[in-house]
Amino acid sequence: MATYTPNYKLKKPAASEYYNIQDFNENADKIDTQLKIGEQAKTLADTLNGSMTEAQRDITLLLQRSLISFEIWAPPNTQVMLQQGQLSFSGTVGDTMELTASVSALGTWQMMYVYANKTYSREVRLEHIGQTRVLAAPTLAASPWAYIAKLSAAGLAREAYALGDTKSVSSSLGTYDMQIIGFAHDVLTAAKAGQERAGITFQMKSATPANYFMDENIYFANTWEQTNMRTVQLPAILQSMPGDLRTVIKQVNKYTAVTGNNIGKTTKEKLFFFSDYELCGYSRLINDYCFGQQYEYYRCGHTPNKSTIYWLRNNISGPNGKENFLVMQPDILQPGFYRCEGTYGISLGFCV
């Protein structure tokens, strides 16, 4: 009597039975059907596997693209456009002064930005997956003080601006151009790890007319710290400056030597006068080694002379214990010195 296979029920005639072609054909049909089903299953599996691989590749690409971006630092309301072939990005910078531009390719991009109706352009590069910070900085003259301060605090001021760049400031002195004379030069009073120095030091590009005394007391016998200029006049000038500038001016430590005294005095200043050493690289006083470094702008060969005589903050004891203060003269590099009640010009500085 015939038996059957357990899986596909193929007929197996008994040894005592005669060969039957119909049994063979039925078995062949069953085998053919199962082979076709297996073939179709393999094709479907291969298709699904390919689709999964392609989907994973698409997901990976999307993830990579989401990780490629520019972090653009620019003043508020700056319009930014990026272009690389057919790829592009556009956006407007908000109050944080930062704009994230997610793009889909590494390499060189053309960046155009518009601020205060002036258009700027430059090439920027993305060289790795992740975020790359770039500056969309207008000129110093056009930059708002908050943006200048942001770059200064981040140590990026030199990337955006150059020594000698100027920005106009109005105060009770009048309207004068403030000029960059140093980067990361002056020590902050409130220094912290990673930010020990103010990012930018400014000085008036020209001096005021000779209308200001250091101290009106003809018997004045003290130092810079006690002068009327430092305690009364400079604070009043500071208060007359625009609020957005006052907000970002940093207090710094200034060392002022005293004649014949190798200790001197360190004061905390927002507006200040300069020492002869900071401008000229040497001092008429004994303890010149205490004056720190000459500003980079003047180390590069520029001279600190202005069109009028202006006060410096160093004092030299004169006859009868009366104090004379150094001045920078228009025509010679060697500072002179005059009585504190005399009237001379101002070329003040501050840090941001």
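Source: prediction; values computed, not measured. (Residues numbered from 1 in each chain as written. Predicted model: local features only at pLDDT ≥ 70, side-chain atom pairs only at ≥ 80, totals over all residues. Heavy atoms only, no water.)

### Focus on the packing of aromatic side chains
Alright, step 1. On inspection of all chains with the given rule, the structure shows twelve aromatic pairs.
Alright, step 2. For the pair tryptophan 145 and phenylalanine 350, a centre-to-centre distance of 6.0 Å together with 65° between the ring planes defines the contact as edge-to-face. Linking tryptophan 145 in helix H2 (residues 145–153) with phenylalanine 350 in strand S22 (residues 349–351), this pair joins segments that are 205 residues apart in sequence. Considered together, tryptophan 145 and phenylalanine 350 belong to a single accessibility category, that of buried residues.
Alright, step 3. Taking 5.4 Å as the distance between ring centres and 40° as the angle between the ring planes, the aromatic pair formed by tryptophan 224 and phenylalanine 273 counts as tilted. Placement of the pair is tryptophan 224 in the loop between strand S15 (212–213) and helix H4 (228–240) and phenylalanine 273 in the loop between strand S17 (261–269) and helix H6 (276–280), with a sequence separation of 49 residues.
Alright, step 4. Tryptophan 224 sits in the buried class, given a relative accessible area of 1%.
Alright, step 5. For phenylalanine 273, a relative accessible area of 0% corresponds to the buried category.
Alright, step 6. Sitting above the plane of the tryptophan 73 ring, arginine 133 keeps its charged end 4.6 Å from the centroid.
Alright, step 7. The ring of phenylalanine 272 has lysine 254 sitting right over it, with the charged end atom 4.4 Å from the ring centre. (Phe/Tyr/Trp six-rings, centres within 6.5 Å; stacked < 30°, edge-to-face > 60°. Helix = DSSP H or I, 4+ residues; strand = E, 2+ residues; numbered from the N terminus. Buried < 20%, exposed > 50% of the residue type's maximum accessible area, 1.4 Å probe, protein only. Lys NZ or Arg CZ within 6 Å of the ring centre and 35° of its normal.)

### Observations regarding the pairing of strand S11 (residues 174–183)
Alright, step 1. Among the ten residues of S11, seven are classified as buried, and the element is accordingly described as predominantly covered.
Alright, step 2. Relative to S11, strand S10 (residues 166–171) is paired through six bridges, and the arrangement is antiparallel. Within the sheet, the bridge partner assigned to threonine 166 lies in S11 and is glutamine 179.
Alright, step 3. Counted between consecutive antiparallel strands, the loop separating S10 from S11 contains two residues.
Alright, step 4. Alignment of S11 against strand S14 (residues 200–204), held across five bridges, turns out to be antiparallel. For phenylalanine 183, the partnering residue across the bridge sits in S14 and is isoleucine 200. (Pairing = 2+ DSSP bridges.)

### Topic: H4
Alright, step 1. In a regular helix each residue adds 1.5 Å, so 13 residues correspond to 18 Å; H4 covers 17 Å between its end C-alpha atoms and thus fits that length.
Alright, step 2. Of all the bends in H4, the greatest reaches close to 30° and is centred on leucine 234; the proline proline 235 follows between one and four positions later.
Alright, step 3. For H4, the set of buried residues is Asn228, Met229, Arg230, Gln233, Leu234, Ile237 and Leu238. (Expected span 1.5 Å × (residues − 1). Bend = angle between axes of the 7 residues up to and from the residue.)

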